[in-house]
Amino acid sequence: MIQSDRLLESFLKLLRIDSPSREEAEIGKHLVEYFSGMGLDVETDEIGNVIARMDGQGEVLLLTAHMDNVKPCRGVVPIIEGDIVRSDGTTVLGGDDKAGVAIVLEVLHTIIEHKLPHRPLEIVFTVQEEIGLYGAKSLDASALHSRLGIGLDAGGKPGEIVVSAPSHNRITAVVYGKAAHAGICPEDGVSALVIAAEAITEMELGRIDDETTANIGSIRGGTASNMIPDRVELRAEARSRSKSKLSSQTKAMVDALQEAALKHGQTVEVQVEARYVGYTLAEDDEVVRLIMEGMHSLGVEPELIATGGGSDANVFNAAGIQVVNIGIGMARAHTTEEYISLSDMVSAAEIVLACVATD
């Protein structure tokens, strides 16, 4: 019942609307008009999230995706090559996550077109997901009636269910040294950059284990090659699906900074911010069972997987709504080589339709 041509047309229209993070107003307006034309109740909240509702029978189900794209995402020129939709190489495609938005729209069209009995639906399209899940964090989750939800924001083939995602700590540090002229009196200075470098060399970074990663994202400081820098800013992160491992990794990184500063008789200011909380759901959790049953009805074999990335699903789970992302075929996301298979999008739409349909 899913119409691939209509799904593709809807997807291409979304791709051609520029929507970098914090600039989702145009696509939000487009979707509000779209939902209104379908006869759905629709609203936007203060930050720009689009929330729509469709009446049905049974328990309410949430369908969610995000509207923003990572840069470069202005002037996307989608290229269609058989079953594949890709970018022209100058921008990202924007399938992350406009493919998810288009899939939800096609499911709604199919329900209306065929007058299918279905669950009541709450549709939430968020803003600013790519820069910190800010849309989902700002959403008034208490106004939602859903206990369960399906997120359309995962790469991988249809059939994959992301049942576990990490917690994420952001570490920011200001390392202080002592300024001096590098050519005249270098012995009078203490390089903040050297302190930071020594700290970094003591850190275990990259993939720590199957559940844990860590990274130094940026380091900046200094003013000129002839001045010993007295201040360096550092940004880092640690992620883990284990709370205890996240705590240990974060502590180790903070300790390395403090010990390097102390060694040189200097100081460091460190802040740790919990960006989002991880979740792990099991095969017998209600939303996982629902999706697995929908997949089985289509002859699709479910595969439960874990991820190292965060998404709006982290925020919804923390708010008490069981949400998992399912694979929709995105590949090479966040690069100018991004592409997606239309047949995978169709399969994902069929899975969602099977999950929302009622007897």
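Scanning the chain for helices and strands turns up 9 helices and 19 strands. Here the chain, with 359 residues, has 51% of them falling under the buried criterion. Within the chain, contacts between residues separated by at least 24 positions form 78% of all contacts whose residues are at least 6 apart in sequence. As displayed, the chain has an accessible area near 15,900 Å², and 49% of this comes from carbon and sulfur atoms. Across the chain, 30 positive and 55 negative side-chain charges occur, with their mean positions spaced 4 Å apart.

With that settled, consider the pattern of salt bridges. Enumeration over the complete set of coordinates arrives at 20 salt bridges. A salt bridge links lysine 157 to glutamate 160; the nearest nitrogen and oxygen atoms lie 3.6 Å apart. Where salt bridges share partners, they join Arg6, Glu106 and Glu113 into one cluster.

To continue, consider helix α9 (residues 342-356). Over its 15 residues, α9 extends 21 Å from the first C-alpha to the last, a length consistent with the 21 Å expected when each residue adds 1.5 Å. If you check which residues of α9 are buried, you get Leu342, Met345, Val346, Ala348, Ala349, Ile351, Val352, Leu353, Cys355 and Val356.

So, on to unusual backbone geometry. Following lysine 71, the chain continues into proline 72 via a peptide bond in cis, with omega recorded as 0 degrees. With respect to the secondary-structure elements, proline 72 resides in the loop between β3 (61-66) and β4 (79-81). Although it is not a glycine, lysine 115 sits at a positive phi angle of roughly 50 degrees. Structurally, the position occupied by lysine 115 is in the loop between α3 (95-114) and β6 (121-126). Note on lysine 115: relative accessible area 74%, which makes it exposed. Backbone geometry places glutamine 128, a non-glycine residue, at a positive phi of 55 degrees. Following the sequence through the fold, glutamine 128 ends up in the loop between β6 and α4 (134-138).

For the rest of this paragraph, the subject is the side chain of lysine 98. Counting through the fold element by element, lysine 98 comes out in helix α3. Of the side chains with opposite charge, aspartate 18 comes closest to the buried, unpaired lysine 98, at an N-O distance of 6.2 Å. Here leucine 14 takes part through its backbone oxygen, which lies 3.1 Å from a polar atom of the side chain of lysine 98. Not counting the four nearest positions on each side in its chain, lysine 98 is found in contact with Phe11, Leu14, Leu15, Ile17, Ser19, Ile27, His66, Met67 and Asn69.

Our focus in this paragraph is the sheet that holds strand β5 (residues 84-86). With antiparallel pairing, 3 strands are arranged side by side in an open sheet as β4-β5-β19. With partners counted over all chains shown, the strands left at the sheet margins are β4 and β19 (339-341), one partner each. Across the sheet, the mean angle separating the axes of adjacent strands is 20 degrees when strand polarity is ignored. As judged from the 3 bridges shared by β5 and β19, these two strands associate in the antiparallel manner. When the sheet's bridge partners are listed, arginine 86 is paired in β19 with tyrosine 339.

Taken in spatial order, the 5 strands line up as β11-β12-β14-β9-β15 in an open sheet, and their pairing is antiparallel. Two strands lie at the open edges of the sheet, namely β11 (206-207) and β15 (268-276), each paired on one side alone. Note: β11 against strand β12 (residues 212-221), 2 bridges, orientation antiparallel. When the sheet's bridge partners are listed, glycine 206 is paired in β12 with alanine 214.

Here we come to helix α7 (residues 286-297). For α7, with 12 residues, the first-to-last C-alpha span of 17 Å sits near the 16 Å given by 1.5 Å per residue. Buried within α7 are the following residues: Val287, Val288, Leu290, Ile291, Met292, Gly294 and Met295. Against β3, β7 (148-155), β8 (160-165), β17 (303-306), β18 (322-330) and α9 lie the buried residues of α7. Two residues or fewer past α7, glycine 299 is found with a positive phi of approximately 80 degrees.

Here helix α2 (residues 25-37) crosses α3 at 10 degrees, and the two axes come no closer than 12 Å. Between α2 and α3, the angle falls in the class roughly parallel. Of α3, the residues touching α2 (which contributes Ile27, Leu31, Tyr34 and Phe35) are Lys98, Val101, Leu105, Leu108 and His109. Residue classes in the contact of α2 with α3 are distributed as 7 nonpolar, 1 polar and 1 charged.

Looking now at the packing of aromatic side chains. Throughout the structure, instances matching the rule amount to 1 aromatic pair. A ring pair is formed by phenylalanine 35 and phenylalanine 125, whose centres lie 5.8 Å apart and whose planes are at 25 degrees; its orientation type is stacked. Here the residue phenylalanine 35 occupies a position in helix α2, and phenylalanine 125 occupies one in strand β6, the gap between them amounting to 90 residues. Neither phenylalanine 35 nor phenylalanine 125 differs from the other in exposure class; each is buried.

It is worth spelling out the side chain of threonine 250 at this point. By the secondary structure assignment, threonine 250 is in helix α6 (residues 243-263). Aside from chain neighbours lying at most four places away, what touches threonine 250 is Asn169, Ile171, Ala238 and Val272.

Calculation notes
Within every chain, residues take consecutive numbers counted from 1 along the sequence as written. Note on the predicted model: pLDDT of at least 70 is required for a residue's local features to be given, and 80 or more for side-chain atom pairs to be given and counted; whole-chain, interface and lining totals, by contrast, use all residues. Hydrogens and water are ignored here; the side-chain numbers use all heavy atoms of the structure. By definition, any uninterrupted DSSP run of H or I lasting at least four residues is a helix, any uninterrupted run of E lasting at least two residues is a strand, and each is numbered from the N terminus. Note on exposure labels: buried denotes an accessible area under 20% of the residue type's maximum, exposed denotes more than 50%, and partly exposed covers the range between, all computed with a 1.4 Å probe on protein chains only. Residue contacts are defined here by distance: any two heavy atoms, one from each residue, within 4.5 Å place the two residues in contact. Areas reported here follow the Shrake-Rupley algorithm with a probe of radius 1.4 Å; residue values treat only the protein chains shown as occluding. Here Asp and Glu are counted as negative and Lys and Arg as positive; His is not counted, and neither are the chain ends. A charged residue contributes its charge at one atom only: NZ of Lys, CZ of Arg, CG of Asp or CD of Glu. In the sections that follow, a salt bridge refers to a side-chain nitrogen of Lys or Arg positioned within 4 Å of a carboxyl oxygen of Asp or Glu. One less than the residue count of a helix, multiplied by 1.5 Å, gives the span that helix is expected to have. Think of a polar contact as two N or O atoms within 3.5 Å of one another; within protein, one of them needs to be a possible hydrogen donor and the other a possible acceptor, and neighboring residues in sequence only count if both atoms come from side chains. Pairing between strands requires that DSSP locate at least two bridges from one strand to the other. Axis definition: a line fitted to C-alpha atoms, limited for helices to the stretch in contact. Angles are taken between N-to-C directions and run from 0 to 180 degrees. Reported orientations rely on four angle classes, namely roughly parallel under 35 degrees, roughly antiparallel over 145, roughly perpendicular from 65 to 115, and oblique for the rest. The nonpolar class holds Ala, Val, Leu, Ile, Met, Phe, Trp, Tyr, Cys and Pro. Asp, Glu, Lys and Arg form the charged class, and all remaining residues, Gly among them, are polar. Each Phe, Tyr or Trp ring (for Trp, its six-membered ring) is paired with any other whose centre lies within 6.5 Å, and the angle between the two planes then decides the class: stacked below 30 degrees, edge-to-face above 60, tilted in between.

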